[in-house]
Amino acid sequence: MLNIIRKSSILLPITLISCVMTKNNFNPLKNPASYQKEYNESLENNNAFWLKQTSILDWIQPPTIANGSDFSKSTDVKWFEDGKLNACYNCVDRHAQKTPHKTAIIFEADQPGKTIHITYRELYEKVCQFSGVLKALGVKKGDVVTLYLPTIPETIYAMLACTRLGAIHSVVFAGFSATALASRIVQAKPRLIITTETNSRGGKTFSLKKNVYEALKENLLNKNNTVEKVLLVGQSLENKNTDSVSINIKEFNFESLSKLTQPVYDYAEMCATDPLFILHTSGSAGIPRGIVHSTGGYLVYVALTHKFVFDLQENDVYFCTADIGWITGHSYGVYGPFANGATTVLFQGTPTYPDASRFWKIIDENKVTIFYTAPTALRSLRSLGDDFVNHASLESLRILASVGEAIDPSTWQWFFEKIGKSHCPIMDTWWQTESGGVLICPLLKQPQKPGCAAKPFFGIEPRILHEVGGNPEEKEALWIKQSWPGLAMGVWGDQQCFKQSYSSENFYNSGDGAKIDEDGDIWVLGRIDDVLNVSGHRMSSAELERAVISHPAVSEACVVGYPHDIKGQGIFVFAIPRNNVSIQSEHLCEGIKQNIRKEIGPIATPDVILLVSDLPKTRSGKIVRRILRKIVSKDFENLGDTTTLGNPSCIETIIMQVLNKNK
Ligand code: WT7
């Protein structure tokens, strides 16, 4: 049982606040008094507030119960449990009826100059056609379908088609390796995988189908394969893959199958608490967790937050740069905007291809009004110089937003002045895969504080708490009281795993450190558990360490994050080579790097690998990550008490090696 105490009496003064006034006048939420009134009401009459908000969707049977969760008894998350609806109907059909000619998707492929507009009517036809193909392949309500697909319209059709039939999609980020894909398949247990021949990103071509077959072979070898069929979308290569035959998996081509099947215009009646999708993320335990989101609660929450946080208006052109394989792509690239009938830019490529003006060109060419991106992308664009921005007009922009990590004040200023021309407010949105949607953001509060996520969304009650008996050096963590409709229902196949995030007193632990200033605004300070945030990607040190230790010449490893100018955090690997193995250091480092790329993918490529002969350990032999974290951050003054270690003398050697490495 977790005991927590509140530390609310201490309001920490934040000295570095520089305030900027913005000129936008648009949303009732910008008025602090009306925000406060609505917010208080949302907490006081939480159930009534949320029931009222369900009208943002069309229900087959509107719910009469809001929150049926009681964490003191169980961790089952139940929102709107007697409500019935279909998420695809809400994202597609109702807009195809009301605004058939409105653009739903503006697709910008990796190669510039190939913009495609897809209206809500066309989206409807495509999704119904896709549903027909899935139905022909035997997909039914409750089935899991894995999607290993890039950020392309077909992925959206596939996601929404699953939803239409009541099937649960599990999208695996297309940048993951075959091994990472294999473990996610094992956890989700799909019978069908949808993929495509190749992905084009940043001018480079990546083979996805090849990874799928590698993953399937790996699972077959380990006798835990559930997959029977592979569906290929997009262009397929002429030379038919013989892999499928050799492993007895049936391969289908979307193009040919769609000619033989009828579209499905019906949609499944789903309970609000039926799973909508599974999405894997990293927790501190080191095993990827398949987070399960609900149909009703999730959709209400993402629709509502998308509307208010971005102040969505009828004619907005909304551009979210996130990859569809992450939660931002799901919540604010697909479900939020489509539930609201918005026009969304879908971008397959990278910010710097063909050059660093790509985002700005997309914004100018499509008259984007709302732009949602990540601090790491902004930092890398800024580092390439202002020339790329200076040639752009960017006058269509109205609202800017960021997510993934705290945005540092100097990047914030650049974003505000160079991109927003000093008149667009910046929504620094704090949330997580588990939260479904934005929990804390400045709303339209004035003045803005660079780097401050500021205020809770309606119905969200944040608290800064710390664990009783926890490490006194640990920073205070950000907890959320009670539940909210966007909160994940649990972890696929392992509800107990989710339980660890909840205290018996009904508090959800985010794992992030935070402070609250004298205005009551929240500043998120980064992870306090063993999770790294590299370019906005959450990775657990345990997962990375496993990949390092899988090298036969490594006996022990420890992976920590350190401050990195572009990525936010870089990956620092400490490895102890085995005594009896003679291998050249460069070869070993290269081998470790390749292992990580193979087990997880190129996004996890380490920035520094240091071979050491010993690591600081407790007397019982546990590596003390906290000390290594301080060393790689060059915070040598604050290593804390090292006298209780079993081997304190190794610290000096490690410090020397780290300093030498940086020369
Ligand atoms: C972790 C969640 C939410 C979608 C993208 C990442 C960090 C995210 C912020 C922000 C400070 C942030 C936190 C959080 N984070 N947004 N605005 N300010 N930190 O989703 O992979 O589940 O990662 O990202 O550490 O816990 P995720």
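Since the structure is predicted, the reported quantities are computational estimates derived from the model, not experimental observations.

> Break down the domain arrangement of the protein for me, citing the residues and quoting the values.
The assigned domain composition of the protein is domain 1 (21-355) and domain 2 (531-661). Of note, the centres of domain 1 and domain 2, computed from C-alpha atoms alone, are 36 Å apart. Every contact between the two is made by 16 residues of domain 1 and, on the other side, 15 residues of domain 2. Of the roughly 1,100 Å² buried between domain 1 and domain 2 on both sides combined, carbon and sulfur atoms contribute 48%. When residues of domain 1 are sorted by the area they lose upon contact with domain 2, T179, S282 and G286 head the list and together hold 38% of the total. The interface formed by domain 1 and domain 2 includes one salt bridge. Of the charged contacts, one joins R184 and E543 as a salt bridge, the two residues approaching to 3.8 Å between their closest N and O atoms. The interface formed by domain 1 and domain 2 includes seven residue pairs in polar contact (both at pLDDT 80 or more). Contributions of two or more residues to the side of domain 1 that touches domain 2 are made by α6 (178-188) and β13 (275-282). The dominant element in the side of domain 1 that touches domain 2, judged by the number of residues it contributes, is α6, at three residues. Here the side of domain 1 that touches domain 2 is built from residues that sort into seven nonpolar, eight polar and one charged.

> Break down the sheet that holds strand β14 (residues 288-294) for me, citing the residues and quoting the values.
A sheet is described by the order of its strands in space; here eight strands give the open sequence β11-β10-β7-β5-β6-β13-β14-β24, paired in mixed fashion. Single-partner strands in this sheet number two, and they are β11 (250-253) and β24 (490-491). Pairing analysis gives five bridges linking strand β7 (residues 192-196) to strand β10 (residues 229-233), with the strands arranged parallel. Across the sheet, residue T196 finds its bridge partner in β10, namely V233.

> Now, about the packing of helix α3 (residues 87-98) against helix α5 (residues 153-165): what can you tell me, with residues and values included?
α5 packs onto α3 with a crossing angle of 120° between their chain directions and a minimal axis gap of 7 Å. Compared by their axis directions, α3 and α5 come out oblique. Note on packing geometry: the crossing formed by α3 with α5 is left-handed. On the side of α3, the interface is formed by A87, C88, C91, V92 and D93, while α5 contributes L160, T163 and R164. In terms of residue class, the contact of α3 with α5 is made up of five nonpolar, one polar and two charged.

Conventions used here
Residues numbered from 1 in each chain as written. Predicted model: local features only at pLDDT ≥ 70, side-chain atom pairs only at ≥ 80, totals over all residues. Heavy atoms only, no water. Domains from an automatic or database assignment. Contact = heavy atoms within 4.5 Å. Buried area = accessible area lost by both parts, 1.4 Å probe. Salt bridge = Lys/Arg side-chain N within 4 Å of Asp/Glu carboxyl O. Polar contact = N/O pair within 3.5 Å; in protein donor to acceptor, adjacent residues only side chain to side chain. Helix = DSSP H or I, 4+ residues; strand = E, 2+ residues; numbered from the N terminus. Nonpolar A, V, L, I, M, F, W, Y, C, P; charged D, E, K, R; others polar. Pairing = 2+ DSSP bridges. Axes fitted to C-alpha atoms, helices over the stretch in contact; angles between N-to-C directions. Parallel < 35°, antiparallel > 145°, perpendicular 65-115°, else oblique. Left-handed = near helix turned anticlockwise from the far one by under 90°.

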